[in-house]
Structures are given as structure tokens and as C-alpha cells.
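Inside the fold
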Amino acid sequence: MRDGDDFASYMRARWASMVRSLAVLGCAVDEAEDVAQTALVRCYASWDRVERADDRDAYVYRVLLNTWASSRRRRWWGERPTDEPPDHPVSDHSAALELRMTLIHALQQLSADHREVLVLRFVADLSETQVAAVLGIPAGTVKSRVARAIARIDTDELRRATS
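Residues numbered from 1 in each chain as written. Predicted model: local features only at pLDDT ≥ 70, side-chain atom pairs only at ≥ 80, totals over all residues. Heavy atoms only, no water.

**As for the pattern of salt bridges**
Within the structure shown, the criterion is met by five salt bridges. Close ionic contact of Arg 14 with Asp 57 constitutes a salt bridge, the shortest N to O distance being 2.9 Å. Of the two residues, Arg 14 is situated in helix α1 (residues 3–25) and Asp 57 in helix α4 (residues 56–74); the sequence distance between them amounts to 43 residues. Overall, Arg 14 belongs to the partly exposed group, its relative accessible area being 25%. The partner of Arg 145 in a salt bridge is Asp 113, with the nearest N and O atoms 4.0 Å apart. Of this pair, Arg 145 sits in helix α8 (residues 139–152) while Asp 113 is found in helix α6 (residues 112–123), placing the two residues 32 residues apart along the sequence. (Salt bridge = Lys/Arg side-chain N within 4 Å of Asp/Glu carboxyl O. Helix = DSSP H or I, 4+ residues; strand = E, 2+ residues; numbered from the N terminus. Buried < 20%, exposed > 50% of the residue type's maximum accessible area, 1.4 Å probe, protein only.)

Written out as C-alpha cells, the structure is:
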């Protein structure tokens, strides 16, 4: 398989997970798509190095988090108001929005380290070993951060939002 084909199939398989991971970390969806695209462009530029990595997913997610961190330092990500409301009515997604807001609130109560391990472990669906490689920490630290983060989240609040 040519490098371009391998990269394209990898990108198609991981795109949604990368955008979803960034959205849970606090990016708006359009910002998450921009950051994921920039990270994938960086990966494509050095695809031979990505392919040689012991764990391709860990390598790519590390690039993704580094890209996100550098983008947060460079730009203002505040609201951008518009003069006109949308032309079409927005469908009611209040239950999903309430769950999302509850999840975001719960994650905001955590430190950045705890948020990152939860998102990489459960949203990006990386293994503990992969999360450790992405963050450059031992696998035991990943386990303890996940356990502490879960202990800090008010599970009753999440249960109420999903019922």
C-alpha cells in the first residue's frame, strides 16, 4: 500500500475519535476539526516516522495534544457573534445537551492531568499503555490518575443527567 493510501485509511478510521476527544477536552466542534486537521497534516509530513513508531495511535494523539496546546497559546477562542440568527430552526437536542453540559461540568472540576487521561482512555479509547506513551508518563500513573479522577466525579450528578 502506498504511503498516501495508508495515511488516508488511518485518517478515516481515527478522524471522529480525534475530533470527539478534543470536543470533550473543551474545544468547539469546528475548532476541534481545525486542530485535528492541523495535527494530521503534521503527521502526514512525517508519515514515515509515524509508521516507524512503536504505537502509531499514541504518536498521533501526542501530536494532537501538542497541536491543541500550541493553538490555545496562539489564538483567542472566544465567542464570535453573528448579526443574523440561523435561517432554519434548530431541532431539540436538550437531553443530549444536558448530558454534555453535565459531563463538561464534571470534567471541569478535575485537573488538566486527570481530564486528559479520562478523555484519552475513554473517549479516544486508547489503552493504558497508549495513554502513558501519549502523555510521557508511566502506565501506573495513568491507572492512578484514572482512579482518582473517577473518584472525584459526582456519579450521582451523571446518573441524574442520564435518567
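**Section: the packing of α6 against α8**
Packing of α6 against α8 brings their axes to within 9 Å, and their N-to-C directions diverge by 105°. Regarding the angle of α6 to α8, the classification is roughly perpendicular. For the pair formed by α6 and α8, the contact residues are Asp 113, His 114, Val 117, Leu 118, Arg 121 and Phe 122 on the first element and Arg 145, Val 146, Arg 148, Ala 149 and Ile 150 on the second. A class-by-class count of the residues in the contact of α6 with α8 yields six nonpolar, one polar and four charged. (Axes fitted to C-alpha atoms, helices over the stretch in contact; angles between N-to-C directions. Parallel < 35°, antiparallel > 145°, perpendicular 65-115°, else oblique. Contact = heavy atoms within 4.5 Å. Nonpolar A, V, L, I, M, F, W, Y, C, P; charged D, E, K, R; others polar.)

**Description of the packing of aromatic side chains**
Following the criterion strictly, the structure yields three aromatic pairs and no others. Aromatic side chains Phe 7 and Trp 47 sit 5.1 Å apart centroid to centroid with 85° between the ring planes, which places their arrangement in the edge-to-face category. Placement of Phe 7 in helix α1 and of Trp 47 in helix α3 (residues 47–52) is noted, with a sequence separation of 40 residues between them. Both residues of the pair, Phe 7 and Trp 47, belong to the buried class. By the ring-pair criterion, three or more aromatic residues cluster together here, those being Phe 7, Tyr 10, Tyr 44 and Trp 47. (Phe/Tyr/Trp six-rings, centres within 6.5 Å; stacked < 30°, edge-to-face > 60°.)

**Some words on the packing of helix α7 (residues 128–135) against α8**
Relative orientation of the contacting elements α7 and α8 amounts to 105°, with a least axis distance of 8 Å. One way to sum up the angle between α7 and α8 is to call them roughly perpendicular. Mapping the contact onto sequence places Glu 128, Val 131 and Ala 132 in α7 and Ala 139, Val 142 and Lys 143 in α8. By residue class, the composition of the contact of α7 with α8 is four nonpolar, no polar and two charged.

**Observations regarding the environment of Val 19**
Position of Val 19 relative to the elements: it lies in helix α1. What makes Val 19 buried here is its relative accessible area of 10%. Spatially, the C-alpha atom of Val 19 lies 9.1 Å from that of Gln 37, the residues being 18 residues apart in sequence. Apart from residues no more than four positions distant in its own chain, Val 19 is found in contact with Val 29, Ala 32, Glu 33 and Ala 36.

**Focus: the confidence of the model for the protein chain**
Across the protein chain, pLDDT averages 84, with 80% of residues at or above 70. Confidence, read as mean pLDDT per element, is least for helix α9 (residues 155–162) in the protein chain (62) and greatest for α7 (94). (pLDDT = per-residue confidence, 0-100.)

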